[in-house]
Amino acid sequence: MSGILMAAGGTDLDSQQCISRDGEIQKLGWRMSVCADQADAVLAKLAQLQLEQWESPAGRAYRTTLALQAASLRRGRDGLREAAAATLRHARNVGSKPQSGF
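Residues numbered from 1 in each chain as written. Predicted model: local features only at pLDDT ≥ 70, side-chain atom pairs only at ≥ 80, totals over all residues. Heavy atoms only, no water.

Next up on the list: the overall build of the chain. For the chain, the count of helices and strands is three helices and zero strands. Going from N to C terminus, the chain has its helices and strands arranged as α-α-α. Each of the 102 residues in the chain was classed as buried or not, and the buried ones make up 22%. The long-range share in the chain, meaning contacts at least 24 apart out of those at least 6 apart in sequence, stands at 80%. (Helix = DSSP H or I, 4+ residues; strand = E, 2+ residues; numbered from the N terminus. Buried < 20%, exposed > 50% of the residue type's maximum accessible area, 1.4 Å probe, protein only. Contact = heavy atoms within 4.5 Å.)

In structure tokens:
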């Protein structure tokens, strides 16, 4: 029976595909983490720009716009971090679960 499963693409092939998927999913999780880190760097630059002390109405509008953009970017970064963590958890689960033939 095991010879039939292996010949038909049974458990051995599934295990190899699962290991391959595990690695691909893990790479995706790490890439998302890197993107979140890059968003942190952009947020730091936005914070520096917000510290500019322009007292004119245009300067206040500029800082308000930067603050709104930073808040939006923080929400996006937080969502990206959550997605990366979920993806990495999923990669561990895919790699640890034995796959059946069907």
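Additional details are given in the paragraphs that follow.
Attention now goes to the pattern of salt bridges. Summed over the entire model, instances satisfying the criterion amount to four salt bridges. Measuring nitrogen to oxygen at the nearest pair gives 2.4 Å for the salt bridge that ties Asp40 to Arg81. On the criterion of sequence distance, the pair formed by Asp40 in helix H2 (residues 11–50) and Arg81 in helix H3 (residues 57–96) is long-range, its members being 41 residues apart. By relative accessible area, Asp40 is classed as partly exposed at 27%. Looking at Arg81, the relative accessible area reads 32%, which means it is partly exposed. Residue Asp78 is joined to Arg77 by a salt bridge in which the shortest nitrogen-to-oxygen separation is 2.9 Å. (Salt bridge = Lys/Arg side-chain N within 4 Å of Asp/Glu carboxyl O.)

Below, the discussion takes up the confidence of the model for the chain. Considering every residue of the chain, the mean pLDDT works out to 80; 75% of them sit at 70 or more. Summarising per-element confidence for the chain, the mean pLDDT is lowest in helix H1 (residues 2–7) (42) and highest in H3 (92). Considering only residues more than four positions removed or in separate chains, one finds that residues 1–10, a stretch of pLDDT under 50, has four contacts. (pLDDT = per-residue confidence, 0-100.)

On to a nonpolar patch on the surface, then. A cluster of nonpolar side chains, namely Leu49, Trp54 and Tyr62, defines an oily patch on the protein surface of about 270 Å² accessible area. Topologically, Trp54 is positioned in the loop between H2 and H3. According to the relative accessible area criterion, Trp54 is partly exposed, its value standing at 42%. (Patch = residues over 30% accessible without salt bridge, like charges linked within 9 Å, V, L, I, M, F, W, Y side chains within 5 Å. Areas by Shrake-Rupley, 256 points an atom, 1.4 Å probe, with all protein chains shown as cover.)

For the rest of this paragraph, the subject is the environment of Cys35. Along the chain, the position of Cys35 falls in helix H2. Distance in space between the C-alpha atoms of Cys35 and Ala84 is 9.6 Å, their sequence separation being 49 residues.

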